[in-house]
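Report on the structure
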Amino acid sequence: IEVLITEDAPSPLNSLGLKGAGEAGVNAVGAAIAAAIDDAIGVPGAVRQLPVTPQRMKALLKSAAR
């Protein structure tokens, strides 16, 4: 199988003709980090707000210790 990907229609919206496509993977990063913290402290749904600042992390750890 041979695959050839070409760009036949550059975007007229910028000087380089680039089209955005790399941002899609960024959306899940916050949820993945929140889920990892929840799993690490053993409290499902503990992280309810991003970003997880040091102050918020300290509060999460205190509530998880109870």
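Just above, that's the structure.
The structure contained in this document is the topic of the report that follows. (Residues numbered from 1 in each chain as written. Predicted model: local features only at pLDDT ≥ 70, side-chain atom pairs only at ≥ 80, totals over all residues. Heavy atoms only, no water.)

Below, the discussion takes up the environment of Ala46. Here Ala46 shows up in the loop between helix 1 (29-41) and helix 2 (54-65). Spatially, the C-alpha atoms of Ala46 and Leu61 are 9.6 Å apart, while their sequence positions differ by 15 residues. Sequence-distant contacts of Ala46, defined by excluding residues within four places in its chain, comprise Asp38, Ile41 and Leu60. (Helix = DSSP H or I, 4+ residues; strand = E, 2+ residues; numbered from the N terminus. Contact = heavy atoms within 4.5 Å.)

Another aspect to go through is a nonpolar patch on the surface. A cluster of nonpolar side chains, namely Ile1, Val3 and Ile5, defines an oily patch on the protein surface of about 470 Å² accessible area. Mapped onto the elements, Ile1 comes out in the segment before helix 1. (Patch = residues over 30% accessible without salt bridge, like charges linked within 9 Å, V, L, I, M, F, W, Y side chains within 5 Å. Areas by Shrake-Rupley, 256 points an atom, 1.4 Å probe, with all protein chains shown as cover. Salt bridge = Lys/Arg side-chain N within 4 Å of Asp/Glu carboxyl O.)

A word on the side chain of Ser11. By the element assignment, Ser11 lies in the segment before helix 1. Judged by its relative accessible area of 12%, Ser11 is buried. A polar atom in the side chain of Ser11 sits 3.1 Å from the backbone nitrogen of Leu13. Setting aside residues no more than four positions away along its own chain, Ser11 makes contact with Gly17, Leu18 and Lys19. (Buried < 20%, exposed > 50% of the residue type's maximum accessible area, 1.4 Å probe, protein only. Polar contact = N/O pair within 3.5 Å; in protein donor to acceptor, adjacent residues only side chain to side chain.)

Its place among the elements puts Asp38 in helix 1. Buried charged residue Asp38 carries no salt bridge. Nearest counter-charge: Arg48, at 8.2 Å. A polar contact is formed between the side chain of Asp38 and the backbone nitrogen of Val47, at a distance of 3.0 Å. Those residues in contact with Asp38 that lie beyond four places of it in its chain are Val43, Pro44, Gly45, Ala46 and Val47. (Lys, Arg positive; Asp, Glu negative; His and termini not counted.)

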